[in-house]
Amino acid sequence: MSEFLIQPEVYSTGRHQSLIGLLEDIWIKNNDLGKGTYYVLSGYGNYNGGVRFFSTFQRHIDEGGRVVSIFGASTSQRQTSKQLVERLLECGCIVYLVNRKNIFHSKCYGYASENEDKLIVTSGNFTSRGISNNVEAAVYLDTNFTHQIKFQWNNLETAVLTQNWDIYTPTLTDPENPAWQLLYDEHESGIGIEESQTVTMVMTLGHADTVRINADPGTKEARGSQYFWLSKNCYDFFPPLTILNSRGYKTTNQCLINLYYVDLKYVDKKTRVTFEAGNNVDFRLGTARYRNTKLAQENDLMVLSRISENNYEIRIIRKNSPKYNVLRQHAVDFIGHRGKRIGYIQNKRLEEILEIQLLKKNEFERLLSNQEH
DNA sequence: GTCACTGGGTCG
DNA sequence: CGACCCAGTGAC
């Protein structure tokens, strides 16, 4: 069924609330994995924009399918990242880069097989924000509709690729290919994040989040890893999840962040964020330092502030804290089936509510180096 | 010991 | 069956 939406959860005529939902529908829930072609046309692209789909792309291609992607790229603007393109190529995707800023600005996604042409036309780029939390519109046109208007993906593909544009095709075996110069490095220091991304995640904690925190050392309850389980909606709250699991066979996408435990006055420089892409799509934040500390109980609030690209502060707001109620109101989204709540709040507003000062980026760096000694 | 992984469970 | 929930094992 064709449908229209404006994300996130602004307006929708169908079942989906965001672009990522539509994409999951046509790609992941596709019964014909291995048949036909997946299409990505986007002006911009970054790693976390694709992280939900890499393993699907890989399987699709391994089983004989195609994935064709076309991105805008430029030496002067950060449009599409090296990390994304590398990963797509590793999966076997075909990647074209159109080198002319402001020209390749369309965002279309889709699926085509012998008798199908599914098309999503949207304002959302293939980026972590574009697919989920930016305010973007999207129309999904099913095969009935596209065939009514005589749309065919292979015609579009041919049309685009035969334009007199500056089109590059990077390959993994050719790092000297000028195509790579059109891509930016997401890990490059100093890229920083926009003001709008300096936000704080506020989440209520559930049983699984706190058992190990309240367990005594050596007991059965203390075994295993200490995590906070987050919602899948947080692709754009973390740095690119470019680290793949080294052992095991189920794909996980991870990144490491610096996490300052305010309650413990300790910075963990190897805090792992894991997206269990090939398992149960869990999103986990490793919070090992809280183990056995009894610093948090069920229904307490976890407050995780993004200070800069890789630097975060975490604090627990206990249920009996005077600030608890006002903060909890910001955890507006219900997730899971145990009444867990999650939401985001601007860092400035958090500082006002808690009457605190979050660390500035340079203060955080100083803390890091002080802890070296 | 620790924690990256595993692989179920559960409910709407 | 999707998306959090949960309880470990065994590699390191």
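The paragraphs below set out a description of the structure included in this document.

Reading the values: rules and limits
- Residues numbered from 1 in each chain as written.
- Chains lettered and ligands numbered in written order.
- Predicted model: local features only at pLDDT ≥ 70, side-chain atom pairs only at ≥ 80, totals over all residues.
- Heavy atoms only, no water.
- Pairing = 2+ DSSP bridges.
- Helix = DSSP H or I, 4+ residues; strand = E, 2+ residues; numbered from the N terminus.
- Contact = heavy atoms within 4.5 Å.
- Axes fitted to C-alpha atoms, helices over the stretch in contact; angles between N-to-C directions.
- Near = heavy atom within 4 Å.
- Polar contact = N/O pair within 3.5 Å; in protein donor to acceptor, adjacent residues only side chain to side chain.
- Salt bridge = Lys/Arg side-chain N within 4 Å of Asp/Glu carboxyl O.
- Buried < 20%, exposed > 50% of the residue type's maximum accessible area, 1.4 Å probe, protein only.
- Core = buried A, V, L, I, M, F, W, Y, C linked by side-chain atoms within 4.5 Å.
- Nonpolar A, V, L, I, M, F, W, Y, C, P; charged D, E, K, R; others polar.
- Arc of directions from axis to C-beta.

Paired through backbone hydrogen bonds, the strands of a sheet run either parallel or antiparallel to each other. Spatially, the nine strands line up as an open sheet ordered E2-E1-E8-E7-E6-E3-E4-E5-E9, and their pairing is mixed. The outermost strands of the open sheet, each flanked by one partner alone, are strand E2 (11–12) and strand E9 (167–168). Across six bridges, the pairing between strand E4 (residues 66–73) and strand E5 (residues 94–99) is parallel. Across the sheet, the residue bridging to serine 69 is valine 95, located in E5. Its contacts with the sheet place helix H1 (residues 19–28) against strand E1 (3–7), strand E3 (37–42), strand E6 (108–113), strand E7 (116–122) and strand E8 (136–141), and it is angled at close to 10 degrees to E6. The sheet strands contacting helix H3 (residues 54–62) are E3 and E4, and the helix crosses E3 at an angle near 140 degrees.

Around DNA strand C, the surrounding shell holds 20 residues, and the nearest of these are Ala208, Lys232, Asn280, Asp282 and Lys340. Lysine 220 places a side-chain nitrogen or oxygen 3.0 Å from a phosphate oxygen of DNA strand C. When residues of the surface near DNA strand C are assigned to their parent elements, the largest contribution, three residues, is made by helix H8 (residues 207–214).

Moving on to the pattern of salt bridges. Enumeration over the complete set of coordinates arrives at 19 salt bridges. Residue aspartate 25 is joined to arginine 15 by a salt bridge in which the shortest nitrogen-to-oxygen separation is 3.3 Å. With aspartate 25 in helix H1 and arginine 15 in the loop between E2 and H1, this residue pair connects regions lying 10 residues apart in the sequence. With relative accessibility at 21%, the residue aspartate 25 sits in the partly exposed group. Using a relative accessible area of 62% as the deciding quantity, one classes arginine 15 as exposed. Between aspartate 282 and arginine 284 there is a salt bridge whose closest N-O contact spans 2.7 Å.

Glancing now at the nonpolar core. Ranked by internal contacts, the top residues of the largest apolar core, which has 68 residues, are Trp27, Phe57, Phe228, Phe238 and Leu304. Take this core: its biggest share by element is six residues, from H1. Contact partners of phenylalanine 57, with chain neighbours within four places excluded, come to Trp27, Tyr38, Val40, Val67, Leu88, Cys91, Cys93 and Phe126. With 19 residues, the next largest nonpolar core counts Val303, Ala331, Ile353 and Leu358 among its residues.

Moving on: the protein's contact with DNA strand B. Taken together, 18 residues lie around DNA strand B, and Ser225, Tyr227, Gly248, Tyr249 and Asn280 are the ones closest in. Here the atoms of DNA strand B within 4 Å of the protein split so that 51% fall in sugar or phosphate, with bases taking the remainder. Between DNA strand B and arginine 247 there is a distance of 3.4 Å, counted from a phosphate oxygen to a backbone nitrogen or oxygen. The residue makeup of the surface near DNA strand B, split by class, is three nonpolar, 10 polar and five charged.

Here glutamate 195 shows up in the loop between E9 and strand E10 (199–204). Glutamate 195 sits 152 residues away from asparagine 347 along the chain, and the two C-alpha atoms are 9.5 Å apart. What glutamate 195 contacts, discounting residues up to four positions off in sequence, is Gln346 and Lys348.

Of all the residues in helix H7 (residues 153–161), the buried ones are Trp153, Glu157 and Val160. For H7, the arc enclosing every buried residue in end-on projection is 70 degrees, short of the 170-degree limit, so these residues lie on one face. Looking at the buried side of H7, the elements it contacts are E3, E4, E6, E7 and E9.

Moving on, we get to the side chain of asparagine 311. Position of asparagine 311 relative to the elements: it lies in strand E17 (residues 311–317). Under the relative-accessibility criterion, asparagine 311 is labelled buried at 2%. Only 2.8 Å separates the side chain of asparagine 311 from the side chain of asparagine 258, close enough to count as a polar contact. Among the polar contacts listed, one links the side chain of asparagine 311 to the side chain of glutamate 365, at a separation of 3.4 Å.

Further remarks concern the side chain of serine 231. If you trace the backbone, serine 231 turns up in the loop between strand E11 (227–230) and strand E12 (243–244). By relative accessible area, which is 9% here, serine 231 ends up buried. A polar contact is formed between the side chain of serine 231 and the backbone nitrogen of asparagine 233, at a distance of 2.9 Å. The residues touching serine 231, leaving out its near neighbours within four places in the chain, are Phe283, Ile335 and Ile342.

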